[in-house]
2 protein chains.
Amino acid sequence: MNIMDEKIKRIIEFMNENSIDAVLITKNPNIYYLSGASPLAGGYILVNNDGATLYVPELEYEMAKEESKIPVEKFKRRDDFYKVFEGVKVLGIEGSLSYSFVEDLKEKGKISEFKKVDDVIKEMRIVKSDEEIKIIEKACEIADKAVMAAIEEVTEGKKEREIAAKVEYLMKMNGAEKPAFDTIIASGYRSALPHGVASDKRIEKGDLVVIDLGALYNHYNSDITRTVVVGSPNEKQREIYEIVLEAQKKAVEAARPGITTKELDSIARNIIKEYGYGDYFIHSLGHGVGLEIHEWPGVSQYDETVLKEGMVITIEPGIYIPKFGGVRIEDTIVITKTGARRLTKTERELI
Amino acid sequence: MNIMDEKIKRIIEFMNENSIDAVLITKNPNIYYLSGASPLAGGYILVNNDGATLYVPELEYEMAKEESKIPVEKFKRRDDFYKVFEGVKVLGIEGSLSYSFVEDLKEKGKISEFKKVDDVIKEMRIVKSDEEIKIIEKACEIADKAVMAAIEEVTEGKKEREIAAKVEYLMKMNGAEKPAFDTIIASGYRSALPHGVASDKRIEKGDLVVIDLGALYNHYNSDITRTVVVGSPNEKQREIYEIVLEAQKKAVEAARPGITTKELDSIARNIIKEYGYGDYFIHSLGHGVGLEIHEWPGVSQYDETVLKEGMVITIEPGIYIPKFGGVRIEDTIVITKTGARRLTKTERELI
């Protein structure tokens with residue numbers, strides 16, 4: 001039995017355990033996960049007791065046939081597609097399915113009940129196979145090279161956007177499909193904005209510069225952040241850098257099978273709190289990384305996933321002081337049998 | 001009354017006409033359209049009879065305050081946000097809202113009825129203001145430069161991905177936030193795949209090469225496609241190129257206020273049919289372009305929008321012959337008082 005068959009089999013089991021007649025998969029990362037195809041204009045996988053079929057619009061048909069490891073059918077428009085639901089009363093769906101689609105499924109597909117199947121997909125996707133980890137590691141390697149290049153490029157007078165353009169080009173030339181997300185180059189006061197996507201601001205002397213980027217490689221993401229200062233750091237810049245670095249290192253060291261993501265978040269958060277900057281750490285410690293840049297588990301006060309070997313997460317504490325600036329240090333790590341291994345490897349002692 | 005106030009006022013009117021207590025806006029292009037802010041980690045606009053408020057997670061607060069033209073509030077996590085629905089029974093939502101969110105709104109927000117508000121948003125966004133057209137024109141100018149550069153780069157031996165990397169870099173250096181979508185460089189047999197995103201395939205002599213790209217500039221998109229041949233075209237390549245070119249030109253010439261999008265699609269489709277290639281034109285003629293790369297109206301057999309001055313659409317017929325190759329020619333155009341004007345201006349006689 002190949003790996004796709006095993007995944008489909010698990011979904012069929014879940015279906016039968018939960019009295020679901022068929023399962024509809026519409027989210028692109030899940031379609032790729034279950035079929036190996038990634039139709040740009042979208043597609044649908046229908047799983048029932050006979051197995052799984054991928055349905056795509058006509059313009060995606062030739063490519064999907066090439067890529068897919070499960071049977072592919074084409075349709076001219078979505079309305080033609082509803083006939084596949086003949087005899088289906090209880091349909092398993094992803095929670096992300098749109099309100100409009102659900103309404104259409106009730107009306108045109110005659111579905112009478114919906115049950116969410118996110119749990120079974122999460123259960124599979126949250127633990128990465130060795131092959132997946134190898135791909136993510138390669139995505140991290142591309143991101144490492146890009147972050148090193150960005151650090152070199154960060155000089156007085158350059159625009160944040162120019163630096164982003166250069167490193168995104170480099171990632172693509174190194175094999176990335178595209179950036180995993182909008183590259184963040186946030187300098188000076190903008191470094192206090194956790195999502196300070198590269199702008200037309202020019203880098204100034206004395207700026208803290210937060211560089212946060214990732215590569216999408218072979219459908220998998222990576223995520224890394226480093227912070228540097230242009231010129232010599234002042235006392236306060238150095239102080240918050242040291243605190244964030246300590247929090248990041250301690251959390252990476254603590255990551256291992258058995259600890260919960262909430263406990264991990266607390267380790268970093270308590271360090272930052274003890275130094276008096278608790279109110280300036282305004283996001284969660286991290287998130288899962290895989291086919292999506294943000295996936296399970298959350299690494300926060302609101303998530304109590306018990307870490308397991310094969311999970312891939314980020315550890316990214318930060319301190320953001322409005323108007324003054326901010327520091328974030330982030331690695332993508334994989335949970336191993338006994339601890340964790342950093343997949344992004346760029347040096348962390350940069351200030 | 002400023003432009004944001006006018007938009008909010010229109011939503012409040014719609015609310016009252018349809019016995020809706022409040023409207024929740026969650027989709028990023030709509031949030032930008034109604035507030036001027038674009039929180040990367042998402043946010044929510046709540047409109048009620050008192051006006052509109054943007055709610056964002058804590059990490060987006062400082063940036064949203066800077067950008068937003070409507071009041072901004074922050075919340076620590078989504079669960080804290082549901083208290084804003086006190087007293088709301090009938091909630092207006094976007095059709096794109098997820099099934100999970102709708103379930104949470106029922107349970108935690110005590111919403112008893114949902115009504116879709118897409119129509120009022122579509123009615124506003126489908127006709128672009130002069131200011132919006134100027135921005136889209138600039139996005140098209142960036143795309144024109146990129147497509148010209150791509151045509152120069154298309155030479156024997158180069159990888160599709162390298163060409164994409166170069167033109168995406170160029171777009172960003174010319175002011176684009178990012179590519180409007182994954183750049184398509186589809187050569188040889190891959191040109192028959194309408195969504196042949198640049199791959200590691202090398203360009204070969206005699207290849208048809210479809211170049212389809214766009215720029216996101218100041219939140220607005222552009223979209224252009226050109227097809228070239230490496231070296232001299234053979235007879236069949238030239239034949240299908242001429243047919244697609246004729247269909248594209250005739251459709252652009254026919255575009256004007258009063259014609260429906262279905263009629264426009266038929267003009268191009270009938271030309272291709274008459275030459276015997278109807279079965280190889282496997283997608284719609286075009287789509288609206290604006291804050292989203294695909295928006296209203298559809299330009300297809302399944303959409304009968306009557307074109308109006310200020311609408312921005314693409315005209316992109318194509319012929320795709322599996323294994324042999326394909327041709328697509330596309331411009332972004334704006335409907336004027338008496339006809340249409342091409343916003344992408346790259347020469348179309350390329351073979």
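Residues numbered from 1 in each chain as written. Chains lettered and ligands numbered in written order. Predicted model: local features only at pLDDT ≥ 70, side-chain atom pairs only at ≥ 80, totals over all residues. Heavy atoms only, no water.

Taken together, the contact pairs 47 residues of chain A with 47 residues of chain B. Carbon and sulfur atoms supply 63% of the area that chain A and chain B bury against each other, a total of about 4,100 Å² over both sides. The interface formed by chain A and chain B holds six salt bridges in total. In this structure, the connection of chain A to chain B is made through 17 residue pairs in polar contact (both at pLDDT 80 or more). Only α3 (61-67), α5 (99-107), β6 (113-116) and α8 (160-173) of chain A provide two or more residues apiece to the side of chain A that touches chain B. Here the side of chain A that touches chain B gets nine residues from one element, more than from any other, and that element is α8 of chain A. When the residues that make up the side of chain A that touches chain B are grouped by side-chain class, the tally is 21 nonpolar, eight polar and 18 charged. (Contact = heavy atoms within 4.5 Å. Buried area = accessible area lost by both parts, 1.4 Å probe. Salt bridge = Lys/Arg side-chain N within 4 Å of Asp/Glu carboxyl O. Polar contact = N/O pair within 3.5 Å; in protein donor to acceptor, adjacent residues only side chain to side chain. Helix = DSSP H or I, 4+ residues; strand = E, 2+ residues; numbered from the N terminus. Nonpolar A, V, L, I, M, F, W, Y, C, P; charged D, E, K, R; others polar.)

Time to look at the packing of helix α7 (residues 130-153) of chain A against α8 of chain A. All names here are of chain A. Their axes nearest at 9 Å, the elements α7 and α8 cross at an angle of 150 degrees. With respect to α8, the axis of α7 lies roughly antiparallel. α8 is crossed by α7, and the crossing has right-handed handedness. Judged by residue contacts, Ile142, Lys145, Ala146, Ala149, Ala150 and Glu153 of α7 engage Ile163, Lys166, Val167, Leu170 and Met171 from α8. In the contact of α7 with α8, the residues fall into eight nonpolar, no polar and three charged. (Axes fitted to C-alpha atoms, helices over the stretch in contact; angles between N-to-C directions. Parallel < 35°, antiparallel > 145°, perpendicular 65-115°, else oblique. Left-handed = near helix turned anticlockwise from the far one by under 90°.)

With that out of the way, let us pick up the sheet that holds strand β9 (residues 208-213) of chain A. Pairing between the strands of a sheet comes from backbone hydrogen bonds, and it takes one of two forms, parallel or antiparallel. Residue and element names in this part refer to chain A. Pairing is antiparallel across the open sheet formed by three strands, whose spatial order is β8-β9-β12. The sheet terminates laterally at β8 (184-187) and β12 (224-229), the two strands that pair on one side only. Direction aside, the axes of adjacent strands within the sheet are offset by 10 degrees on average. Strand direction decides the pairing type here: β9 and β12, joined by six bridges, are antiparallel. (Pairing = 2+ DSSP bridges.)

Bringing helix α6 (residues 118-125) of chain B into the picture now. Residue and element names in this part refer to chain B. Taken as a whole, α6 has its buried residues at Val120, Ile121, Met124 and Arg125. Buried positions in α6, seen along its axis, are confined to an arc of 125 degrees and lie on one side of it. Elements that come into contact with the buried residues of α6 comprise α1 (3-17), β1 (22-25), α2 (28-35) and β14 (295-299). (Buried < 20%, exposed > 50% of the residue type's maximum accessible area, 1.4 Å probe, protein only. Arc of directions from axis to C-beta.)

This part covers the environment of Val72 of chain B. Residue and element names in this part refer to chain B. By secondary structure assignment, the location of Val72 is in strand β4 (residues 72-75). Along the primary structure Val72 and Ala37 are separated by 35 residues, whereas in three dimensions their C-alpha atoms are 9.7 Å apart. When sequence neighbours within four positions are dropped, the list of residues in contact with Val72 reads Leu54, Val56, Tyr61, Ala64 and Lys65.

Taken as rigid bodies, chain A and chain B are interconverted by a rotation of 180 degrees and an axial shift of 0.0 Å, the fit giving an RMSD of 0.0 Å. Both copies of the chain, as the preceding transformation shows, are related through a two-fold rotation axis. Ranked by how close their C-alpha atoms come to the rotation axis, the residues of chain A are headed by Ser98 of chain A, at 2.2 Å. A symmetric contact is evident, with 100% of the interface residues of chain A recurring at the interface of chain B. (Least-squares fit on C-alpha atoms with pLDDT ≥ 70 in both.)

Residue and element names in this part refer to chain A. With 15 residues, helix α1 (residues 3-17) should cover 21 Å at 1.5 Å per step; its first-to-last C-alpha distance of 21 Å lies within 8% of that length. Met4, Lys7, Ile8, Arg10, Ile11, Ile12, Phe14 and Met15 are the residues of α1 that are buried. Tucked inside the fold, the buried residues of α1 contact β1 (22-25), α2 (28-35), β2 (44-48), β3 (51-57), β6 and α6 (118-125). Once α1 ends, the next one or two residues include Ser19, with phi positive near 50 degrees. (Expected span 1.5 Å × (residues − 1).)

As a further point, take the pairing of strand β12 (residues 224-229) of chain B. Taking burial as the measure, the six residues of β12 of chain B include six buried ones, the bulk of the element. Neither face of β12 of chain B is open: one carries Ile224, Arg226 and Val228 of chain B, the other Thr225, Thr227 and Val229 of chain B, and all of them are buried.

On to the UniProt feature "domain: Peptidase M24" (unreviewed entry) in chain A. The sites that carry the UniProt feature "domain: Peptidase M24" (unreviewed entry) are, in the present numbering, residues 135-337 of chain A. Helix and strand shares over residues 135-337 of chain A are 33% and 24% respectively, and the end C-alpha atoms of the span are 19 Å apart. (UniProt positions renumbered as here; feature names shortened; annotations may be inferred.)

Residues and elements named next belong to chain A. Spatial ordering of the open sheet is given by β7-β10-β11, a layout of three strands whose pairing is antiparallel. For this open sheet the edge positions go to β7 (178-179) and β11 (220-221), each flanked by a neighbour on one side alone. Note that strand β10 (residues 215-217) and β11 share two bridges and pair antiparallel. Following the sheet pairing, Leu216 is matched in β11 by Asn221. The strands touched by α7 are β10 and β11; relative to β10, the strand with the most contacts, the crossing angle is about 140 degrees.

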